[in-house]
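One-letter residues, chain by chain:
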2 protein chains.
Amino acid sequence: MKIRYPNGKKYTQPAEVPKPRQLKKEATFSNRGMTLEDDINETNAYYLNRSMAVIHKKPVPVQIVRVDYPARSAAVIKEAYFRQASTTDYNGIYKGKYIDFEAKETNIASSFPLKNFHEHQITHMKQVEEHGGIAFVIIRFSKTDELFFLPFHALYVFWCRMLEGGRKSITKNELIKESIPLSLGLAPRIPFLDAVEKVYF
Amino acid sequence: MKIRYPNGKKYTQPAEVPKPRQLKKEATFSNRGMTLEDDINETNAYYLNRSMAVIHKKPVPVQIVRVDYPARSAAVIKEAYFRQASTTDYNGIYKGKYIDFEAKETNIASSFPLKNFHEHQITHMKQVEEHGGIAFVIIRFSKTDELFFLPFHALYVFWCRMLEGGRKSITKNELIKESIPLSLGLAPRIPFLDAVEKVYF
């Protein structure tokens, strides 16, 4: 879909940029000031320490333009820009299988907007499934702190519905039907491997 | 190994930083101005386009300190530092299997120094093998443009020899014995999946 500014200039979607407010953690009772990313990183560390899986978050892709090399100290990046990721944020290995996923949250209460995913992320997860890997998304409704594990093949049905002119979001009822609920725990925080077991093993 | 400056101050190894000269491509006859990274990225694109494998390079890990958000234009990173990667540079999926590797080059003619690897990269590749994945390194001797595919389990033997007080490098003769030579081609540039087939399938 092409959007144009009133002056006729084409609008191109910029890379997803961390919002300034995300730089400081917001403390809420329900998640003790942790973001979804923190929770998943902690979960991955838990799984790694117990030799259950090897899953890491990929670094934020950055286009580096200018670097200073002060003598005798570390190189400083002086100008860089956020690039759009070409894949998902997390991947690794579980029981010999390649595992790949993305985690997204929404402030909307009753549906999850599909614009949270970029087309190349969908393409990437589709390729992963075609090559015999495990691909899924973790969706968090931040207002209620509800978490859902949605296998990629189910997400793809909703994505195609949108491409065919249907609704641009997944209703919460649809999510409840097609996904596995994840309950926030202590260790691990988000036990997504339990859902992987249920769906893929 | 701890190294100390003459003043007694501890030396901590900084993150690997791209050297300024690497920012412009050096044209040599043998590799037509391409770096090892360029060659591998092109190879991965070739494999992806032909649906042979889904392998991507991870972004360079950067610690972002300061970001400017100018109104109506893209966010600009104004201060950031290179961080040391906690894993290898490349991973993905091939024939349903998790695949993970690192690529390194040396200017030395007759041996490959093991200090090119960080300990956590070795740890990471070991974990990958323990979970049933495929881990290896691609080593390039830049003077002669020779390329070797060394499975991680073979690299690990040399790594342990070093830890036990033995030599801190792999001689070229040892490499020839333990690895599979890769010949630089046109499409793909570095046919490493042929070596993966030979060793793991």
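One can find the structure itself at the top, above this paragraph.
Computed from a predicted structure; not experimentally measured.

Undergrad: For this particular structure, what's the right way to read the nonpolar core?
TA: Within soluble globular proteins, side chains that are nonpolar tend to cluster in buried spots. By size, the foremost hydrophobic cluster in this structure holds 46 residues, and its most contacted members are Leu150, Leu155 and Leu175 of chain A together with Leu150, Leu155 and Leu175 of chain B. Put simply, the parts of the chain that give this core at least two residues each are α3 (119-130), β9 (134-141), β10 (146-151) and α4 (152-163) of chain A together with α3 (119-130), β9 (134-141), β10 (146-151) and α4 (152-163) of chain B. Apart from residues no more than four positions distant in its own chain, Leu150 of chain A is found in contact with Phe136, Val137, Ile139, Leu155, Ile170, Leu175, Glu178 and Ser179 of chain A. The next biggest cluster of nonpolar side chains, apart from the first, holds 23 residues, and it includes Tyr47, Phe101, Ile138 and Ala195 of chain B.

Undergrad: Any chance you could explain helix α2 (residues 36-49) of chain A here in plain terms?
TA: Given 3.6 residues to a turn, an α-helix orients residues that are three or four positions apart in the same direction. All names here are of chain A. Taking 1.5 Å of rise per residue, the 14 residues of α2 would be expected to cover 20 Å, and the 20 Å separating its terminal C-alpha atoms lies within 8% of that figure. Along α2, the residues that are buried comprise Leu36, Asp38, Asp39, Ile40, Thr43, Asn44 and Tyr47. Packed against the buried residues of α2 are β3 (54-57), β6 (90-94), β7 (97-106), β9, β10 and α6 (192-200). Ser51 sits one or two residues past α2 and shows a positive phi near 55 degrees.

Undergrad: Just checking my understanding: could you explain the sheet that holds strand β5 (residues 76-82) of chain B for this structure?
TA: The pairing of strands in a sheet comes from backbone hydrogen bonds and takes either a parallel or an antiparallel form. The strand order across the open sheet formed by four strands is β4(A)-β5(A)-β5(B)-β4(B), and the pairing between neighbours is antiparallel. If you trace the sheet from one side to the other, it starts and ends with β4 (62-68) of chain A together with β4 (62-68) of chain B, each paired once. Between one strand axis and the next, the sheet turns through 30 degrees on average, direction left out of account. Sheet analysis places β4 of chain A next to strand β5 (residues 76-82) of chain A, joined by six bridges and oriented antiparallel. Within β5 of chain A, the position partnered with Ile64 of chain A by the bridge is Ala80 of chain A.

Undergrad: Explain the side chain of Thr106 of chain B here, please?
TA: All names here are of chain B. With respect to the helices and strands, Thr106 occurs in strand β7 (residues 97-106). A relative accessible area of 6% means that Thr106 is categorised as buried. With near-sequence residues (within four places) excluded, Thr106 lies in contact with Ser111, Phe112, Pro113, Arg140, Phe141, Ser142 and Lys143.

Undergrad: Help me understand the packing of aromatic side chains, please; the structure alone is not making it clear to me.
TA: Describing an aromatic ring pair means giving the distance of the ring centres and the angle of the ring planes. Applying the stated criterion across every chain yields a total of 23 aromatic pairs over all chains. On the numbers, 5.5 Å between centres and 35 degrees between planes, the contact of Phe152 of chain A with Tyr156 of chain A is tilted. With Phe152 of chain A and Tyr156 of chain A both in helix α4 and four residues apart, this pair spans about one turn of that helix. On the basis of an interplanar angle of 85 degrees and a centroid distance of 5.5 Å, the ring pair of Tyr94 of chain B and Phe201 of chain B is categorised as edge-to-face. Taken together, the residues span a long stretch of sequence, with Tyr94 of chain B in strand β6 (residues 90-94) and Phe201 of chain B in the segment after α6 (192-200) at a distance of 107 residues. An aromatic cluster is present here, built from Tyr46, Tyr47, Tyr90, Phe101, Phe136, Phe149 and Phe192 of chain A joined pairwise through their rings.

Undergrad: For this particular structure, what's the right way to read the packing of α3 of chain B against α4 of chain B?
TA: All names here are of chain B. With their axes 10 Å apart at the nearest point, α3 and α4 run at an angle of 135 degrees to one another. Taken together, the axis directions place α3 and α4 in an arrangement best described as oblique. Crossing hand, α3 versus α4: left-handed. The segment α3 lies against α4, with Glu119, Ile122, Met125, Lys126 and Glu129 engaging Phe152, His153, Leu155, Tyr156 and Trp159. Residue classes in the contact of α3 with α4 are distributed as six nonpolar, one polar and three charged.

Each value, and the rule that gives it
Residues numbered from 1 in each chain as written. Chains lettered and ligands numbered in written order. Predicted model: local features only at pLDDT ≥ 70, side-chain atom pairs only at ≥ 80, totals over all residues. Heavy atoms only, no water. Core = buried A, V, L, I, M, F, W, Y, C linked by side-chain atoms within 4.5 Å. Buried < 20%, exposed > 50% of the residue type's maximum accessible area, 1.4 Å probe, protein only. Helix = DSSP H or I, 4+ residues; strand = E, 2+ residues; numbered from the N terminus. Contact = heavy atoms within 4.5 Å. Expected span 1.5 Å × (residues − 1). Pairing = 2+ DSSP bridges. Axes fitted to C-alpha atoms, helices over the stretch in contact; angles between N-to-C directions. Phe/Tyr/Trp six-rings, centres within 6.5 Å; stacked < 30°, edge-to-face > 60°. Parallel < 35°, antiparallel > 145°, perpendicular 65-115°, else oblique. Left-handed = near helix turned anticlockwise from the far one by under 90°. Nonpolar A, V, L, I, M, F, W, Y, C, P; charged D, E, K, R; others polar.

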